[in-house]
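# Close look at the chain arrangement
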Amino acid sequence: MNSYKEREVLRLLQDEGTQRKGFEMIVSQYSEQLYWQIRRMVLSHDDANDLLQNTFVKAWMNIDYFRAEAKLSTWLYRIALNECITFLNKQRAMNTVAIDDPEAAVVERLESDPYFSGDQAQLMLQKALLSLPEKQRMVFNLKYYQEMKYEEMSEIFGTSVGALKASYHHAVKKIEKFLEGVD
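What you are looking at is a predicted structure, and each value in this text was computed from that prediction instead of being measured. In every chain, residue numbers begin from 1 and rise along the written sequence. The predicted origin of the model limits local features to residues at a pLDDT of at least 70 and limits the giving and counting of side-chain atom pairs to 80 or more, whereas totals for whole chains, interfaces and linings rest on all residues. Excluded from the side-chain calculations are hydrogens and water; all other atoms, namely the structure's heavy atoms, are used.

Helix and strand counts for the chain stand at 9 helices and 0 strands. Counted from the first residue to the last, the chain has its helices and strands arranged as α-α-α-α-α-α-α-α-α. Think of it in three bands: with a 1.4 Å probe and only protein chains considered, a residue is buried below 20% of the maximum accessible area for its type, exposed above 50%, and partly exposed in between. Taking all 183 residues of the chain together, the buried fraction comes to 44%. Considering only contacts within the chain whose residues lie at least 6 apart along the sequence, 62% involve residues at least 24 apart. We count a stretch as a helix when DSSP gives it H or I for four or more residues in a row; a strand needs E for two or more, and each element gets its number in order from the N terminus. What makes two residues a contact is simply this: any of their non-hydrogen atoms within 4.5 Å.

Written as structure tokens, this is what we have:
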């Protein structure tokens, strides 16, 4: 697929005969960026792959309900973020039963993940991100890594642009404070 044209994809999605082709174009276009967004939330390669697959399964199952009021990418990010939240809540519940510090378990999994190729600085940033509340972490990841505009995030989260800017600002300050304490 050389060029992705959302209008063309939307037209393909509306016809049962071409719906599968349109959806394959969506998967091809958005797999990598959704994978990395999910990966930054859950840290584990295997979990990220599972959640990416769940995201696309949910999107496919609900494609007839997509009304094109928002961009496809916005709709997919919302599904992916909901999948992450559900997953993280389940993980937190399981880890809370097992140990007192659920973030420590996630960091331990990250450090032992054979797919994690980051250096010590990247590991410290991930630890700092884990110390953030979930929404701040999601906003930080979308703004910092995806360079997503606040207006698009507003559609995903159903929150005002001002609230998102405040979340990002607080996240940056908390990360700075966390990293200062590491020295």
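What follows concerns unusual backbone geometry. Backbone geometry follows two general trends: most residues other than glycine have a negative phi, and most peptide bonds adopt the trans configuration. The backbone phi angle of Leu-43 is positive, close to 75°, even though this residue is not glycine. The residue Leu-43 is located in the loop between α2 (19-42) and α3 (45-61) in this model. Leu-43 sits in the buried class, given a relative accessible area of 4%.

Between N-to-C directions, angles cover 0 to 180 degrees, with each direction set by a line fitted to C-alpha atoms, over the stretch in contact for helices. The N-to-C vectors of α2 and α3 enclose an angle of 145°; their axes lie 9 Å apart at closest approach. For α2 against α3, the interelement crossing comes out right-handed. From α2, Gln-19, Arg-20, Phe-23, Ile-26, Val-27, Tyr-30, Ser-31, Leu-34, Tyr-35, Ile-38, Arg-39 and Val-42 reach across to α3, where they touch His-45, Asp-47, Ala-48, Asn-49, Leu-51, Leu-52, Thr-55, Phe-56, Ala-59 and Trp-60. Classifying every residue of the contact of α2 with α3 by side-chain character gives 14 nonpolar, 5 polar and 3 charged. Crossing handedness follows the turn of the near helix against the far one: under a right angle anticlockwise gives a left-handed crossing, and clockwise gives a right-handed one. Under the scheme applied, nonpolar residues are Ala, Val, Leu, Ile, Met, Phe, Trp, Tyr, Cys and Pro; charged residues are Asp, Glu, Lys and Arg; polar residues are all the others, including Gly.

Here we take up helix α8 (residues 150-157). Among the residues of α8, Tyr-150, Glu-152, Met-153, Ser-154 and Ile-156 are the ones counted as buried. Trailing α8 by a residue or two, Gly-158 shows a phi angle of about 65°, which is positive.

What makes a salt bridge here is a side-chain nitrogen of Lys or Arg within 4 Å of a carboxyl oxygen of Asp or Glu, nothing more. Applying the stated criterion to the full structure yields 5 salt bridges. The closest approach of N and O atoms between Glu-176 and Lys-173, which form a salt bridge, is 3.6 Å. Here Glu-176 pairs with Lys-173, and both are found in helix α9 (residues 161-180), just 3 residues apart, close to one helical turn. Using a relative accessible area of 38% as the deciding quantity, one classes Glu-176 as partly exposed. Taking relative accessible area as the criterion, Lys-173 reaches 44% and is therefore assigned partly exposed.

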